[in-house]
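A structural walkthrough
Chain by chain, the residues run as shown.
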Amino acid sequence: ADFVAKTSGVIATVVAGLLLKFLGRSSVNDIHLMDDFFVLTEHILNTILFSLGGLVWGGVVVENHRDGIWRGRDWGYLIMLYILLHVIRTLLF
């Protein structure tokens, strides 16, 4: 949208979403199937997002340890973070 129509990409995405919301429902045969599809897609994309965020955070943690030595406390924090993220995900899903 930035290069073709010289408009904001965010505004183009919002307009596309609104058009699909108002005009797309009539072309869907099974509303329940569509809702289930979007719930599954949301869960998969959230899992990918949290995994990538964990990788970035892991890179920050490793970068802060210049000597390259992982201590027991560091492993404990990582395990605690891993368990906490899964508990939060379980409570939300």
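This write-up is about the structure you can find in this document.

So, how was this worked out
- Residues numbered from 1 in each chain as written.
- Predicted model: local features only at pLDDT ≥ 70, side-chain atom pairs only at ≥ 80, totals over all residues.
- Heavy atoms only, no water.
- Helix = DSSP H or I, 4+ residues; strand = E, 2+ residues; numbered from the N terminus.
- Buried < 20%, exposed > 50% of the residue type's maximum accessible area, 1.4 Å probe, protein only.
- Areas by Shrake-Rupley, 256 points an atom, 1.4 Å probe, with all protein chains shown as cover.
- 1 Å grid on protein atoms, 1.4 Å probe; cavity = no way out; pocket = protein on both sides within 12 Å on 5 of 7 lines; lining within 4 Å.
- Points joined across faces, edges and corners; volume = space filled by probe spheres on them.
- Nonpolar A, V, L, I, M, F, W, Y, C, P; charged D, E, K, R; others polar.
- Expected span 1.5 Å × (residues − 1).
- Polar contact = N/O pair within 3.5 Å; in protein donor to acceptor, adjacent residues only side chain to side chain.

**Observations regarding the overall build of the protein**
- When its secondary structure is counted, the protein shows three helices and zero strands.
- When the helices and strands of the protein are read in sequence order from the N terminus, they spell out α-α-α.
- Within the protein, the fraction of its 93 residues that count as buried is 5%.
- Carbon and sulfur atoms make up 73% of the accessible area of the protein, which totals about 8300 Å².

**Considerations on the layout of surface pockets**
- Considered as a void within the structure, the largest pocket measures approximately 380 Å³ in volume.
- Together, 15 residues line the largest pocket, and Phe50, Ser51, Tyr82, Leu85 and His86 are the ones closest to its centre.
- Going through the elements one at a time, α2 (31-64) and α3 (72-92) are the ones with two or more residues in the lining of the largest pocket.
- Take the lining of the largest pocket: its biggest share by element is eight residues, from α2.
- Tallied by class, the residues present in the lining of the largest pocket amount to seven nonpolar, seven polar and one charged.

**A few points about helix α1 (residues 9-24)**
- Helix length check: α1, at 16 residues, gives a terminal C-alpha distance of 21 Å against a target of 22 Å (1.5 Å per residue), a fit within 8%.
- The residue sitting at the N-terminus of α1 and contributing the capping side-chain oxygen is Ser8; that oxygen lies 3.3 Å from the backbone nitrogen of Val10.

**Quick notes on the environment of Tyr82**
- Here Tyr82 lies in helix α3.
- Judged by relative accessible area, Tyr82 falls into the exposed class, the value being 53%.
- Sequence spacing of Tyr82 and Gly54 is 28 residues, and the spatial spacing of their C-alpha atoms is 9.1 Å.

Treat this as a map of the structure, not an account of what it does.
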